[in-house]
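Fold and geometry: a report
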Amino acid sequence: MLAFLGSFGDILANGPLYQSTFRLAAILVFAAAGEWVAERAGTINISVEAMLLGGHFATAIAYTQTSNFAFSLFVGAIAGIFVSSFQAYLSHYLNADQFGIGLTLNILLLGLVAFLEPNFDLSTKLAGEVKVPLLYDIPILGPAMFGQRWPMYLVYAVVPLSWWLLMRTKWGLEVRAVGEDPQAADVTGIHVNARRRHAILYTGFIAGLGGGVYLLGQVGRFESGNIGGKGIIAIAAVIFGGWTLRGAVAGCILFGYVDALRLNLPNIVGHDFNAQLLAALPFLATIVVMLIFAKHTRQPASLARPFIRGLK
Amino acid sequence: MTTTPSAKRDRIELIALYIVSIIAAFVIAAILVNTSGGSWSKAVEAMMNGAFKNPGRWGETLRRAAPLLIVAAGSAIAAKAGIINIGQEGQVLIGATGAAFIMTKIQPGSPLMLILGVLLGMLAGAAWAGISALLYYWRRVPVVLSTLLLVYLSSQITGYTMTRKFLLLEVLEGSPTKIQNSAKTAVNSRLGILHIFGNNVPLTVPIAIIFAVGVAYMLAHSVWGFRLKMLGLNPRTAQRAGVSHVRFGTMALLTSGAAAGLAGSLMLATGESNYRASSGFAASVGWDGLLVALVARNNPYASIPVALAFACLHTGSNFLAAAGVESVLVDVIRGLLVLALFIPPAVSELRKKRRVLATLTERA
């Protein structure tokens, strides 16, 4: 019993665990901060997975060619927008089924990346670590939150940006209106599908950037399996957070923590766990958490309902 | 149906759009092949050889098409009820794993064990989809999300059963068990394979066709199908008419999961990956089957040719490597094709609406 409590303490006080929690949560936050905007506009955007992968891959190509971190991240964001434009225009201009499009994009991008990858001799490396003075000295949390490679710090910009755009601008008000009651929004002269498209393009921008940050700030080497389901977990985080940004971020931290446990638990406890069950842990935890917490939230009233004028 | 001139024009326009977008998808794929150092004409040749030209290949294509059709028919059931189940990949895998518990563990085997195995597979697939139903009707977690999450979980769960001997891991005397798969299914618990003109056609093919036709019939002509459709078109009206959202929605999800489980267990019974289950067993049958249903717009009859086409792409891809092209090209082609097939009906809808709007404003 004492040994058990002791190892429990080890887990709680383990610095590397928090550092990897931060890193793993960061990519989820990128995806979720974008996805949150799209969902408030009324789209469940399962292609956020494809947008992450697109950004991840494009950043790898750009870095291989230019060795410039900032430029590569920019290219990743553009790639994310490119992928998201398919989702945006097919589902909110042509009114094709949003889930069909999203799923197809996910499959298409996995195939495309696997097909193109051997043509590029990809070589990437991690960006430099930057320790934020003073803040770095906070015990446990300091090194985790302020001792990361610099692209990671973009996460501190992305969250307020999403919040400000959606909650403090006219555009954001319109986007939220479109997600709640598109008919009413339409009557007041808001172009419903255009707002939804914008929201999806924004998701693509943030998710593409996140894919790039994950590459240059966390994994360092491109592999097409790197993203594997992170976009889907980010969507779960948005739902977990009851479509509020702080809730979504909390969800990301929770799921990131579980993911970090998966990576660090064998080292901390010194016991070999079954590899498959460990790999299943984030998804299992996501499902269990949804089962416990998902109920008491109100979703955007027109979530996942296409808007066609004159058709209620 | 009366064919007014404008309706006729609409149809011609739609067909033309379909042709244009399919050609566009293939042109993009061809450009991709050529820019990555391959030759598209060689790739086409190789794919045709792999899909039906070479001896024994069309049997392989049919073997692939059958589970796709079953999965697609199952997806159509859920879709008709307005429920978006996109976790077939996991349900196929879990179905096969469930079936493996009977088919590989009870070794002498018998036709009865085959039937029991398939039943257990269907049950497992249904249960896996049932988790999503539970999450939705109890906790309002969107079915789209939970079914997707369960796909990721399924391969790990199946992988786990392949690491423990008391579960499914094959017991080999004196050799370290590095390869994680199940034992072969018992010989007597396998499903028959027909030999036609040098092709091996498994019995899943007629089963799949009967299943698809049966589903189409049930959806079109039974009270059950009518209720599902009512639920899909307008849940509120359905509720007023006594069609419980919870009951029929759950039923639709379970049925589509069971169909995926059926596909998985039949694949195991007819020798997919050499009669052994493993965590990669589903081999995209679930995804492909779902895409078949999407392309066929949830019509089981239309799913038959689409499933065949997708199966041709798959078996054709096995020959691509010989032509110096990565076989994953087929994933790209399939994705482009599906995307391309989404466009024509949507564009045609949009144009029709614009025309109506134009005539209205003229009158005003």
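Residues numbered from 1 in each chain as written. Chains lettered and ligands numbered in written order. Predicted model: local features only at pLDDT ≥ 70, side-chain atom pairs only at ≥ 80, totals over all residues.

1. Describing the overall build of chain B
Put simply, the rule is: The way it works is that DSSP assigns letters per residue, a run of H or I at least four long becomes a helix, a run of E at least two long becomes a strand, and they are numbered from the N terminus. In this setup the radius of gyration rests on C-alpha atoms only. A globule is expected at 2.2 Å times the number of residues raised to 0.38. Residues are called buried when their C-beta atom has 20 or more other C-beta atoms within 10 Å, exposed when it has 12 or fewer, and partly exposed otherwise; all C-beta atoms are positioned from the backbone.
The secondary structure content of chain B amounts to 13 helices and two strands. For 364 residues, the compact-globule estimate of 2.2 N^0.38 gives 21 Å, and the C-alpha radius of gyration of chain B, at 22 Å, lies within 12% of that figure. Across its three principal directions, the C-alpha atoms of chain B cover 85 × 60 × 35 Å. Buried positions account for 53% of the 364 residues belonging to chain B.

2. A word on the overall build of chain A
Our working definition: What counts as a contact here is a pair of residues whose C-beta atoms, placed from the backbone, lie within 7 Å.
Counting its regular elements, chain A contains 13 helices and zero strands. Element order for chain A, N to C, with α for helix and β for strand: α-α-α-α-α-α-α-α-α-α-α-α-α. The globule rule puts the C-alpha radius of gyration for 312 residues at 20 Å, and the 20 Å found for chain A is close to it. Projecting the C-alpha coordinates of chain A onto the three principal axes gives extents of approximately 65 × 50 × 40 Å. A buried classification covers 53% of the 312 residues belonging to chain A. Sequence-distant contacts, at least 24 apart, represent 78% of the contacts inside chain A between residues at least 6 apart.

3. Section: helix α2 (residues 40-53) of chain B
Counted only if it meets this: Directions pointing from the helix axis toward each C-beta atom define the arc.
Buried residues of α2(B): A43(B), A46(B), M47(B), G50(B) and A51(B), and no others. Buried residues along α2(B) cover an arc of 120° about the axis, so they all sit on one side.

4. Quick word on helix α12 (residues 245-269) of chain A
One full turn of an α-helix is made of 3.6 residues, so residues set three or four places apart face in the same direction. The test is simple: A helix's residues, less one, multiplied by 1.5 Å, set its expected span. For a residue, the bend is simply the angle between two axes, fitted respectively to the seven-residue segment ending there and the seven-residue segment starting there.
Here α12(A) contains 25 residues, and its C-alpha end-to-end distance of 34 Å stays within 8% of the 36 Å for a straight helix at 1.5 Å per residue. The sharpest bend along α12(A) measures roughly 50° and falls at L263(A), with the proline P266(A) sitting one to four residues further on.

5. Topic: the nonpolar core
The condition is simple: Defined on buried residues, the nonpolar core groups Ala, Val, Leu, Ile, Met, Phe, Trp, Tyr and Cys residues joined through C-beta atoms within 7 Å.
Counting 226 residues, the largest nonpolar core has L28(A), V29(A), F30(A), A32(A), A237(A), L69(B) and L329(B) as its most contacted members. Counting residues per element, this core draws most heavily on helix α2 (residues 15-40) of chain A, at 16 residues. If sequence neighbours within four positions are ignored, V29(A) has contacts with V155(A), V159(A), V249(A) and C252(A).

6. Thoughts on the pairing of strand β2 (residues 199-202) of chain B
All names here are of chain B. Selection criterion: Only strands that DSSP links by at least two bridges are regarded as paired with each other.
Sheet topology note: the strand β1 (residues 193-196)/β2 ladder contains four bridges and is antiparallel. When the bridges of β2 are listed, L194 appears paired with V201. Between β1 and β2, which pair antiparallel one after the other, the connecting turn spans two residues, and F197 there sits at a positive phi close to 45°.

7. Some thoughts on the interface of chain A and chain B
As a reminder of what qualifies: When residues are sorted by character, Ala, Val, Leu, Ile, Met, Phe, Trp, Tyr, Cys and Pro go into the nonpolar class, Asp, Glu, Lys and Arg into the charged class, and all the rest, Gly among them, into the polar class.
At the junction of the two partners, chain A supplies 39 residues and chain B supplies 39 residues. At the level of secondary structure, the elements contributing two or more residues to the side of chain A that touches chain B comprise α5 (98-116), α11 (230-240) and α13 (275-293) of chain A. If you tally residues by element for the side of chain A that touches chain B, the top one is α5(A), at 13 residues. A per-class count over the side of chain A that touches chain B returns 29 nonpolar, nine polar and one charged.

8. Here's the deal with the packing of helix α7 (residues 204-221) of chain B against helix α12 (residues 300-317) of chain B
A pair of packed helices is captured by two measures, namely the crossing angle of their axes and the spacing between those axes. All names here are of chain B. Convention followed: Axis geometry follows a simple rule: fit a line to the C-alpha atoms, using only the stretch in contact for helices, then measure angles between N-to-C directions, giving values from 0 to 180 degrees. Working rule for angles: under 35 degrees goes down as roughly parallel, over 145 as roughly antiparallel, 65 to 115 as roughly perpendicular, anything else as oblique.
Contact pair α7 / α12: the axes reach a minimum separation of 8 Å and the direction vectors enclose 150°. By the angle class used here, α7 and α12 are roughly antiparallel. Contacts between α7 and α12 involve I209, A212, V215 and A216 from the former and P300, Y301, S303 and I304 from the latter. Each residue belonging to the contact of α7 with α12 can be placed in one class, and the counts come to seven nonpolar, one polar and no charged.

9. Here's the deal with the confidence of the model for chain B
Residue and element names in this part refer to chain B. Put simply, the test is: For every residue, the predictor states its confidence as a pLDDT score lying anywhere from 0 to 100.
Summarising the model, chain B shows a mean pLDDT of 88, and 96% of its residues fall at 70 or more. When mean pLDDT is compared element by element in chain B, α7 scores highest at 95, while β1 scores lowest at 78. The complex model carries a pTM of 0.91, and its ipTM stands at 0.88.

10. Some details on the environment of I235(A)
Locating I235(A) in the fold gives a position in helix α11. Sequence separation of I235(A) and V130(A) is 105 residues, and the distance between their C-alpha atoms is 30 Å. Non-local contacts of I235(A), meaning those with residues more than four positions away in its chain, are made with E35(A), I44(A), I46(A), V48(A) and L145(B).

11. Let's talk about unusual backbone geometry
Excluding glycine, residues mostly carry a negative phi; peptide bonds, for their part, are mostly trans. Phi at N95(A) takes a positive value of approximately 60°, unusual for a residue other than glycine. Mapped onto the elements, N95(A) comes out in the loop between α4 (69-92) and α5. Looking at N95(A), the number of C-beta atoms within 10 Å reads 19, which means it is partly exposed. Phi angles above zero are rare outside glycine, and N274(B) is one such case at about 55°. Relative to the helices and strands, N274(B) is located in the loop between α10 (245-269) and α11 (285-295). Classification of N274(B) as exposed rests on a count of 9 C-beta atoms within 10 Å.

12. With respect to the packing of helix α3 (residues 57-80) of chain B against α10(B)
Residue and element names in this part refer to chain B. Where α3 contacts α10, the axes come no closer than 7 Å and their chain directions differ by 175°. What the angle tells us is that α3 and α10 run roughly antiparallel. When α3 is examined against α10, the residues P67, I70, V71, A73, G74, S75, I77 and A78 are found in contact with a partner set consisting of A252, L253, T255, S256, A259, A260, L262, A263, L266 and M267.

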